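The lines below spell out each chain.
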Amino acid sequence: MGTLFTRRFEADRIGSQVPVKLMHLEGLYELFVSKFAFSNEDLSTHLFEVSFKMKLTYCTLPYDEDDDDDVQEPEAGSTESGGSPKSNHHNKSQWDDDCPWSEWYSSEDPVRGFELIAVWSEKAFESSLDMAELENASPLEADDWLIFPCLSETLNTRSLFFFSKSTWYQNIAAFLGTEDSDGKRIGFASQLRLLVDALEMSMEAKFIEDFVSEHSGPETLKSSAVIPPPTVLDRVLKDLFHEVEGLQLGFSDGDHKNSRTIKGAPLESLFGQFCLHALWFGDCNIRAIAVFWIEFVREVRWCWEESQPVPRMPSNCVIDLSTCLINQKLHMLSICINKKRQQEQESPKCGEQKKFPSHVKEETQVKRCLSPRDGKTQTSSGERESLSRPDVVKDSVGHISNSGHSDTVKLGDAKHSACIRRGSAGVVGSMMLLKSQQNMHAPFTQEPPVMTEDMHEERLQAVEALGDSFSFSAQLEKDILSSDMSAFKAANPDAVFEDFIRWHSPRDWENNDNMDSGASHDNAIKGLTVEWPPRGKLSERMSEFGNSWRKIWNEAPPLPASEQKPLLDPNREGEKVLHYLETLRPCQLLEQMVCTAFRAAADTLNRTTFGGLKQLTTKIGQLNLTMAATLRCLQTSNLSIDTEDIQDLKRLCAIFEHVEKLITLAASFYIKFMNAPRLLESIFNDCYNFYAPRMGTGSTASEVKKDFEKKQKVGRREREIAASMLTTPTANQSWRKVLSMGNLLNGHEPTLREIIFTKHGHLSENYYGGHAPRGYQHELETYRMYISGTSNYLSVALAVASCD
C-alpha cells in the first residue's frame with residue numbers, strides 16, 4: 001500500500017471436526033471481533049459495529065442419484081411375453097415420461113441439477129444476537145438470488161446417449177450386443193446414421209431376399225449384422241397391425257408445417273410407424289430390415305386376402321401424392337379393400353331392394369363445369385338428399401320441384417315409346433334436349449378413380465405415345481369422360497353430342513347473340529315461354545374435325561353407371577399394389593425409409609412441449625428445410641446414389657443430433673420452469689448461445705470454454721419456483737444424519753457458505769503497527785475476514801491494515 005500503510009495476512013483451515021461454535025454465524029462473528037477487541041470479557045455482551053456480507057450456495061441433488069435401488073429389473077424371459085414395445089417400459093418413472101420420444105427411448109436428463117445462490121448485500125451488525133437472528137432467517141429473504149444449471153457432459157460430446165425406454169427393446173439390445181458398456185443407447189440421430197449405412201449397403205443387391213440369409217448377399221455385409229429372434233418380430237408386428245385402436249390418421253397439429261415438403265409418410269401412418277420401429281429393430285442393419293420388411297408385406301397381404309382393413313391407413317379420401325410411393329400404395333390398397341367389402345355387402349339378398357354399386361354416386365350430378373378438364377361440380381350437401389330422388393328437379397333459377405320421373409322411365413311420347421330412360425338423377429332445371437325437346441336429365445355417374453403417383457406417370461407416358469392426336473386433358477380423363485357420356489346417353493336416350501356439351505362443359509357452348517340469350521333467360525325466370533331452339537353453337541375446339549370428345553361420344557354405349565364397368569377395379573389394383581411391395585428393390589425401399597424416418601423422427605420431436613422458445617422454434621424450422629433439401633436426392637427416379645449424397649445424409653444426421661440435444665434440453669427446462677416463463681427463456685437462451693455455436697464446428701477443447709457458468713438473476717416472484725427444486729431429501733438421498741448449519745432451504749443446508757466481515761476504523765486503533773501520522777483522520781478498512789466452508793470444513797483468511 002505504498003510507504004505509509006501495509007496489510008498483514010493470516011489464513012487457516014479446518015478440514016474436519018469443525019467446532020460447533022464455528023458452524024454458526026454467531027461464533028464466526030465473535031471470531032472476527034476477537035481479532036481487535038483486546039478483551040477477555042464475554043464478547044457477546046459488547047457492541048462492535050461490523051459490516052457483513054454473505055453468499056449461500058444450494059445445490060439440488062442429481063435427479064438420478066440413488067434412484068437405481070428403486071428400479072425393478074425385468075424377470076428373465078420378460079422380452080418373450082406379450083405387450084407392445086412402446087408400452088413395456090421400466091417400472092421406474094423417468095423425467096421424460098410425458099415427452100413424445102418416450103415411446104421409443106428415454107433420454108438422460110441433460111440438466112443434472114441447479115445451483116441456487118442467495119446473496120445478502122453489505123449490512124451493519126452490532127452484536128452476535130443479530131447474527132443469530134439472521135441465521136434463522138429464510139434464504140427467500142435474501143437481497144438477491146442467482147441460479148445456473150449444472151449441465152450434463154454429454155452436451156459437450158459428439159453424441160448424446162440414451163437408454164432404451166422399453167425394457168423389451170433394451171433387453172434385445174443386450175442380446176444383440178448393440179448396447180454400450182453403460183447400458184445406454186443413442187437417440188433418433190444415431191439410429192438414423194445406421195439407417196443411412198443400410199441405404200448405402202442396399203445398392204449392392206437387386207432383391208430384398210438377398211439380405212436375409214447369412215450365407216447370401218454382398219460380401220461386405222458383416223456377419224455381426226444379426227437378426228432378432230422370431231418372438232421379437234411378432235411383438236413388433238403386433239404393435240403395428242393390432243394395437244391401433246383410437247388412432248387419428250392424417251397430419252397432426254403437432255407436426256411441423258414443413259413436413260409436407262419431405263416426401264415421406266405421415267408419422268401415424270402404417271409405413272411411418274414401420275420406419276420408426278425399423279430404427280430400433282435389431283441394430284438397424286440391412287439384414288434385420290430385410291426380414292422385417294418381408295414379414296411386414298406378408299401381414300399386408302393377409303389383410304388383402306381376408307378383406308380386413310389396413311391398420312393406420314384411411315379407407316377413403318384422395319391419395320396424397322406428396323407422400324412417398326409406399327404410403328400411396330398402402331392407401332390405395334386400403335381403398336381397394338374397402339370397395340371389395342362394399343361390393344360384398346351390396347350383393348342383393350332375396351326380397352331386398354338392389355342398392356347402388358359402390359362405384360356409383362348416389363347424389364345427383366348437376367354439372368356446372370368451367371372446362372372439360374375441371375370435371376364435375378356437385379350440389380351442396382343440403383340438396384343431395386332431396387335431389388337423389390328421381391322425382392325431384394330444379395327449375396331454371398335453382399328451385400327444387402317434382403318432375404314425376406323415376407330412375408328408369410319409359411317415355412310417354414308415342415314417337416319415343418320404345419326408348420327407356422335409365423340412371424336418371426333428376427331434371428336439370430329448364431334445359432331441354434335439342435332434337436326431342438324433352439327435359440334434360442342428369443345421370444348418376446361413377447366416382448372418379450383414385451390414382452397413385454406412378455399411375456399418373458403411366459397415363460402421361462401413354463399420352464406422349466399417342467402424339468398430338470389427343471389433347472392431354474382428353475386422354476387423361478378419357479375413361480371418366482366415356483363413363484359420363486354413357487350415363488348421359490342412358491338418362492337421355494334422344495340426346496345428341498351438343499346436349500352433352502351444354503350439360504358437361506357449358507363454356508364450350510357459345511351463344512350467337514348474348515343480348516337475345518339474356519332476354520331468353522329473363523323470360524325463363526319470369527315464367528314466360530323459353531325461346532326454342534336455343535341460339536348457340538359448339539366452341540371452335542369442340543367443332544373442329546376429328547375432335548376427340550365427339551369420337552368418344554360416338555363410341556360410348558348408352559349404359560347407366562350401375563351397369564358400367566367400374567373405373568377402379570379393386571381386385572386388379574389391389575394385386576398390383578401387392579406386386580409392387582413384394583418386388584420392390586432394396587435401394588427403393590431404403591430411400592423411402594430414410595425420407596420417412598427423418599420426417600417421422602422430426603415430427604415426433606416437434607411435438608415436444610418447451611414453452612414456445614423462439615430460438616428453438618427457429619432452429620426446428622431450419623432443420624425441416626434442411627431435411628427437405630438434403631433428402632431431395634432420394635426422390636428422383638435415378639436408382640444410383642453417389643458417395644457425395646451419402647456424405648450429405650450423414651452430415652444431416654449430425655445436424656439432426658444437434659437439434660435433438662437442444663430439444664431435450666429445452667424440454668427439461670420447461671418441466672422445471674413451466675410456471676416461470678421468463679426464467680425459462682432466459683436460462684435456455686444462455687445455454688443456447690453457449691452451446692449452439694459449437695455444435696458441429698469441430699472446435700477443440702482448447703479453443704472453447706469447457707463449462708457453462710452463466711448465472712441468471714431470479715425475480716422475487718420466481719424464488720418459490722426455483723426453491724421448489726430443492727425437494728425434501730429422502731432417507732436414501734440424505735448423506736448427513738444431522739443438519740448442523742442454519743439458513744435451511746426446504747430442509748437443505750448450504751453446500752457452500754461464504755462470508756466477508758469488515759471493520760472500518762482509524763489506524764491508531766490498530767495494535768499491529770505504529771500510530772498513524774499526525775493529522776491523518778480518514779477512516780480505513782482496517783480488518784477484513786473471508787470465511788468459506790460448511791459443517792465439514794472451514795477456511796478463514798484475515799487481512800489487517802497497519803501503519804509503517
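Our subject is the structure that appears above.
Just so it is clear, the structure is predicted and the values come from calculations on it, not from any experiment. Along every chain, residues carry numbers that run from 1 in the direction the sequence is written. Confidence filtering applies because this is a predicted model: local features only for residues at pLDDT of at least 70, side-chain atom pairs given and counted only at 80 or more, and all residues used for totals across whole chains, interfaces and linings. Each side-chain value is worked out from all heavy atoms of the structure, with water and hydrogens disregarded.

Asker: Looking at this structure, how should I read the overall build of the protein chain?
Answerer: The numbering of helices and of strands both runs from the N terminus, where a helix is a DSSP run of H or I of at least 4 residues and a strand a run of E of at least 2. When helices and strands are counted, the protein chain shows 22 helices and 19 strands. The buried label applies to any residue whose accessible area, calculated with a 1.4 Å probe on protein chains only, is under 20% of its type's maximum; exposed applies above 50%, and partly exposed to all values in between. Within the protein chain, buried positions represent 49% of all 804 residues. Throughout, a residue-residue contact means that at least one pair of heavy atoms, one from each residue, lies within 4.5 Å. When contacts within the protein chain are restricted to residue pairs at least 6 apart in sequence, those whose partners lie at least 24 apart make up 75%. Accessible surface, the protein chain: about 38,800 Å² in total, of which carbon and sulfur atoms supply 49%. Using a 1.4 Å probe, accessible areas were evaluated by the Shrake-Rupley method; residue-level cover was limited to the displayed protein chains.

Asker: Honestly, the packing of helix α6 (residues 270-280) against helix α18 (residues 586-606) in this entry has me stumped. Any pointers?
Answerer: At a closest axis distance of 8 Å, the pairing of α6 and α18 adopts a crossing angle of 90 degrees. Considering the angle they form, α6 stands roughly perpendicular to α18. Contact residues: α6 offers Phe271, Gly272, Phe274, Cys275, Leu276, Ala278 and Leu279, while α18 offers Leu589, Gln592, Met593, Thr596, Ala597, Ala600, Ala601 and Thr604. Every angle, taken between N-to-C directions, lies between 0 and 180 degrees, and every axis is a line fitted to C-alpha atoms, over only the stretch in contact when it is a helix. Here roughly perpendicular refers to angles of 65 to 115 degrees, roughly parallel to angles under 35, roughly antiparallel to angles over 145, and oblique to all remaining angles.

Asker: So what exactly am I meant to see when it comes to the side chain of Glu573 here?
Answerer: Turning to its location among the elements, Glu573 is positioned in helix α17 (residues 570-582). With residues up to four places along the chain from it excluded, the contact list for Glu573 reads Met332, Cys336, Met455 and Leu568.

Asker: How should the layout of surface pockets be read in this particular structure?
Answerer: The probe, sized like a water molecule, is rolled over the atoms to show the empty space still left. Only protein atoms enter the calculation, which uses a 1 Å grid: trapped sets of points that fit a 1.4 Å probe without letting it out are cavities, open sets showing protein on both sides within 12 Å along at least five of seven lines are pockets, and any residue with an atom within 4 Å of a point is a lining residue. Grid points are joined across faces, edges and corners, and a volume is the space filled by probe spheres set on the points. Here the second largest pocket is characterised by a volume of approximately 620 Å³. Leu325, Glu453, Glu457, Tyr580 and Gln588 are the residues nearest the centre of the second largest pocket, which is lined by 23 residues in total. For the lining of the second largest pocket, the elements supplying multiple residues, two or more each, are α8 (325-346), α10 (453-466), α17 and α18. Per-element tally for the lining of the second largest pocket: the top contributor is α10, with six residues. Taken together, the residues that form the lining of the second largest pocket break down as eight nonpolar, seven polar and eight charged. Boundaries of every domain are those given by an automatic assignment or by a domain database. Counting the residues that make up the lining of the second largest pocket, at least three belong to each of domain 2 (188-344 + 572-692) and domain 3 (454-510 + 531-559). By the convention adopted, Pro, Cys, Tyr, Trp, Phe, Met, Ile, Leu, Val and Ala count as nonpolar, Lys, Arg, Asp and Glu as charged, and the other residues, Gly among them, as polar.

Asker: Sorry, what's going on with the pairing of strand β13 (residues 439-443) here?
Answerer: Within a regular beta strand, the side chains point alternately toward one face of the sheet and then the other, so they alternate between its two faces. Most of β13 is tucked away, with four of its five residues classed as buried. Strand pairing is defined by DSSP finding a minimum of two bridges between the two strands. Relative to β13, strand β12 (residues 424-432) is paired through four bridges, and the arrangement is antiparallel. Its bridge partner being in β13, Gly426 is matched across the sheet by Ala442.

Asker: Explain the pattern of salt bridges here, please?
Answerer: Between side chains of opposite charge, a pair can form when the charged atoms approach closely. Within this document, salt bridges are pairs made up of a side-chain nitrogen of Lys or Arg and a carboxyl oxygen of Asp or Glu, the two lying within 4 Å of each other. Applying the stated criterion to the full structure yields 27 salt bridges. Between Lys650 and Asp197 there is a salt bridge, with its nearest N and O atoms 3.7 Å apart. Separated by 453 residues along the polypeptide, Lys650 in helix α20 (residues 643-673) and Asp197 in helix α4 (residues 188-202) bring together distant segments of the chain. Residue Asp197 is classed as partly exposed on the basis of its relative accessible area, which comes to 33%.

Asker: What is the right way to read the environment of Tyr29 from this model?
Answerer: Mapped onto the secondary structure, Tyr29 falls in helix α1 (residues 25-33). Between the C-alpha atoms of Tyr29 and Asp130, which are 101 residues apart in sequence, the distance is 9.9 Å. Looking at Tyr29, its side chain comes within polar contact range of the main-chain oxygen of Glu126, at 3.2 Å. In protein, a polar contact requires one atom able to donate a hydrogen and another able to accept it; more generally it is a pair of N or O atoms within 3.5 Å, and residues adjacent in sequence count only if both atoms are side-chain atoms.

Asker: Looking at this structure, how should I read helix α21 (residues 677-691)?
Answerer: Helical geometry: 3.6 residues make up each α-helical turn, so side chains three or four residues apart lie on a common side. Over its 15 residues, α21 extends 21 Å from the first C-alpha to the last, a length consistent with the 21 Å expected when each residue adds 1.5 Å. The inward-facing, buried residues of α21 abut β5 (144-151), α19 (614-630), α20 and β16 (712-713). To estimate how far a helix should extend, the number of its residues minus one is multiplied by 1.5 Å.

Asker: Looking at this structure, how should I read the packing of aromatic side chains?
Answerer: When we look at a pair of aromatic rings, we describe it by the centre distance and by the angle of the planes. Note on aromatic pairs: the rings of Phe, Tyr and Trp (six-membered ring only in Trp) are paired at centre separations within 6.5 Å, and the planes decide the class, stacked below 30 degrees, edge-to-face beyond 60, tilted for the rest. Counted according to the given criterion, the structure contains 30 aromatic pairs. With a centroid separation of 5.2 Å and 90 degrees between ring planes, the pair formed by Phe114 and Phe673 is classed as edge-to-face. In this pair, Phe114 is assigned in strand β4 (residues 111-125) and Phe673 in helix α20, connecting sequence segments 559 residues apart. Looking at Phe114, the relative accessible area reads 1%, which means it is buried. Between Phe690 and Tyr691, the aromatic rings sit 4.8 Å apart at their centres with planes inclined by 90 degrees, giving edge-to-face as the arrangement. For the residue pair Phe690 and Tyr691, the accessibility class agrees, reading buried in each case. An aromatic cluster is present here, built from Tyr29, Phe32, Phe36, Phe52, Phe125, Phe757 and Tyr783 joined pairwise through their rings.

Asker: How should I be thinking about helix α16 (residues 548-555) in this particular structure?
Answerer: Within α16, burial applies to Ser548, Trp549, Ile552 and Trp553. Taken end-on, α16 shows its buried residues confined to a sector of 140 degrees, consistent with a single buried face. Residues Asn554 and Glu555 are exposed on α16 and point more than 90 degrees away from its buried face. Where α16 starts, the residue carrying a side-chain oxygen 2.9 Å from the main-chain nitrogen of Trp549 turns out to be Asn547. To be clear, the arc concerns the directions from the helix axis to the C-beta atoms.

Asker: So what exactly am I meant to see when it comes to the environment of Asn675 here?
Answerer: Position of Asn675 relative to the elements: it lies in the loop between α20 and α21. Among the residues examined, Asn675 registers a relative accessible area of 61% and is labelled exposed.

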